[in-house]
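# Residue-level structure breakdown
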Amino acid sequence: MKFILDLQDIHLATIIGNWTWIDSKGGIAPITYTPASTGKIIILTITANEVIEKTNGVITNTWAYSINTQNSIFGGSRQMLIFSTRVNQSYEIIENQLLLNDECFDCLSNKFSRI
């Protein structure tokens, strides 16, 4: 029986769930995208080993991931979703909001709400 969770288990437990997209900001010419401006309702389902993206009810992407602490382009060490087929994302959970930051210059910062 395991009584002490390691840090990765704690981070994994907090991010697992369903998240609805609120907005995305950034890019070369800073812009804000929302469900209203794009006509897209995006839901992320995060399991213990993959992120499933549904757009308007249809699965549009599935990515395997792991969690690790790495140096961020935004400064310091941050918890990251590490992907093999897309840009890594640092993340932060504040109350019921998930902030996913693409770890590349001129990319997007994405905000989701837990559902």
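Residues numbered from 1 in each chain as written. Predicted model: local features only at pLDDT ≥ 70, side-chain atom pairs only at ≥ 80, totals over all residues. Heavy atoms only, no water.

With that settled, the discussion passes to the overall build of the protein. Looking only at helices and strands, the protein has two helices and nine strands in total. Split into buried and exposed, the 115 residues of the protein put 31% on the buried side. A sequence separation of at least 24 residues applies to 36% of the contacts in the protein between residues at least 6 apart. Counting every atom, the protein has about 6,900 Å² of accessible surface; 57% of that belongs to carbon and sulfur. (Helix = DSSP H or I, 4+ residues; strand = E, 2+ residues; numbered from the N terminus. Buried < 20%, exposed > 50% of the residue type's maximum accessible area, 1.4 Å probe, protein only. Contact = heavy atoms within 4.5 Å. Areas by Shrake-Rupley, 256 points an atom, 1.4 Å probe, with all protein chains shown as cover.)

With six bridges connecting them, strand S4 (residues 50–55) and strand S5 (residues 58–71) associate as antiparallel partners. Bridged to Thr55 within S5 is Val58. Linking S4 to S5, which pair antiparallel, is a turn of two residues; within it Asn56 sits at a positive phi near 50°. When S5 meets strand S6 (residues 77–83), the two strands line up antiparallel, connected through seven bridges. By the bridge assignment for S6, Ser66 is matched with Ile82. The hairpin formed by S5 and S6 contains five residues between the paired strands, and Gly75 there has a positive phi angle of roughly 105°. (Pairing = 2+ DSSP bridges.)

For the structure on display, the rule yields one salt bridge. Residues Arg86 and Asp102 are paired through a salt bridge, measuring 3.4 Å at the closest nitrogen-oxygen approach. Here Asp102 lies in strand S8 (residues 97–102) and Arg86 lies in the loop between S6 and strand S7 (89–94), a separation of 16 residues in the sequence. With a relative accessible area of 9%, Asp102 lands in the buried category. (Salt bridge = Lys/Arg side-chain N within 4 Å of Asp/Glu carboxyl O.)

Another point: the confidence of the model for the protein. Per-residue confidence for the protein gives a mean pLDDT of 87; residues scoring 70 or more make up 89%. When pLDDT is averaged over each helix and strand of the protein, the minimum, 57, is found for helix H1 (residues 7–15) and the maximum, 98, for helix H2 (residues 35–38). (pLDDT = per-residue confidence, 0-100.)

A complete count under the given rule lists two aromatic pairs for this structure. Judged by centre distance (6.2 Å) and plane angle (65°), the rings of Trp63 and Phe83 are edge-to-face. Here Phe83 lies in strand S6 and Trp63 lies in strand S5, a separation of 20 residues in the sequence. Taken as a pair, Trp63 and Phe83 share a single burial class, namely buried. Taking 6.4 Å as the distance between ring centres and 50° as the angle between the ring planes, the aromatic pair formed by Tyr65 and Phe83 counts as tilted. (Phe/Tyr/Trp six-rings, centres within 6.5 Å; stacked < 30°, edge-to-face > 60°.)

Tracing the sequence through the fold places Gln89 in strand S7. Side-chain polar atoms of Gln89 contact the side chain of Asp102, separated by 2.8 Å. If sequence neighbours within four positions are ignored, Gln89 has contacts with Gln79, Met80, Leu81, Phe83, Leu100, Asn101, Asp102, Glu103 and Asn110. (Polar contact = N/O pair within 3.5 Å; in protein donor to acceptor, adjacent residues only side chain to side chain.)

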